[in-house]
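Analysis of the macromolecular model
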Amino acid sequence: MSARRFRSVGVDPATGKEAFVLARPGGVLEDLADAHAMRASAVLVTVVGAVLEAGRSSEAELAAFVPSLHAALEECVGIIAADREP
């Protein structure tokens, strides 16, 4: 992604703390952050899909997913946009 900002690369299993990097476009850390974002998005899609499929959630419960879905979508769109940059 071209914008220089901190990106998550996962959670340290020893400490339970999330690790962030300031990745250079086209670098190894950016690839790692992209892969983490895609895995996290895939998990979120699976969870939300299961909740929707069950069909027993209230509107308030479903609304709780909106911020996470927005963040995941924004991250994925950023990855796609960075791949299209010359």
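See the structure shown above.
Overview of the structure. Here the structure is a predicted model, which means the values were calculated and not measured.

Criteria and cut-off values
Residues numbered from 1 in each chain as written. Predicted model: local features only at pLDDT ≥ 70, side-chain atom pairs only at ≥ 80, totals over all residues. Heavy atoms only, no water. Helix = DSSP H or I, 4+ residues; strand = E, 2+ residues; numbered from the N terminus. Rg over C-alpha atoms; globule rule 2.2 N^0.38 Å. Buried < 20%, exposed > 50% of the residue type's maximum accessible area, 1.4 Å probe, protein only. Contact = heavy atoms within 4.5 Å. Areas by Shrake-Rupley, 256 points an atom, 1.4 Å probe, with all protein chains shown as cover. Lys, Arg positive; Asp, Glu negative; His and termini not counted. Charge placed at Lys NZ, Arg CZ, Asp CG, Glu CD. Patch = residues over 30% accessible without salt bridge, like charges linked within 9 Å, V, L, I, M, F, W, Y side chains within 5 Å. Salt bridge = Lys/Arg side-chain N within 4 Å of Asp/Glu carboxyl O. Pairing = 2+ DSSP bridges. Expected span 1.5 Å × (residues − 1).

1. Quick word on the overall build of the protein
Within the protein, the regular secondary structure consists of 3 helices and 2 strands. Counting from the amino terminus, helix and strand elements in the protein follow one another as β-β-α-α-α. Relative to the 2.2 N^0.38 estimate, which gives 12 Å for 86 residues, the radius of gyration of the protein is 15 Å and therefore markedly larger than a compact globule would have. With 86 residues in all, the protein has 26% of them scored as buried. Contacts in the protein between residues far apart in sequence, at least 24 positions, make up 43% of those at least 6 positions apart. Surface exposure of the protein reaches about 6200 Å², of which carbon and sulfur atoms provide 64%. Averaging the positions of the 8 positive and the 12 negative side-chain charges in the protein gives two centres separated by 5 Å.

2. Quick notes on a nonpolar patch on the surface
A cluster of nonpolar side chains, F6, F20 and L22, forms an exposed patch at the surface whose accessible area comes to about 340 Å². Its place among the elements puts F20 in strand β2 (residues 18-22). Assessed through its relative accessible area of 48%, F20 is described here as partly exposed.

3. Looking at the pattern of salt bridges
Counting across every chain of the model gives 3 salt bridges. Here R7 and D34 are joined by a salt bridge, their closest N and O atoms 2.8 Å apart. Here D34 lies in helix α1 (residues 28-54) and R7 lies in strand β1 (residues 6-11), a separation of 27 residues in the sequence. Across this residue pair, the class does not change: R7 and D34 are buried. Taken together, the salt bridges that share partners define one network made up of R5, R7, D34 and E75.

4. Quick look at the pairing of β2
Inspection of the sheet shows β1 paired to β2 by 5 bridges, in the antiparallel sense. Across the sheet, the residue bridging to G10 is A19, located in β2.

5. Let's talk about α1
In this model, α1 (27 residues) spans 39 Å end to end at C-alpha, consistent with the 39 Å of a helix rising 1.5 Å per residue. Contact partners of the buried residues in α1: β1 and α3 (66-84). The positive-phi residue at the C-terminal boundary of α1 is G55, with phi of around 70°.

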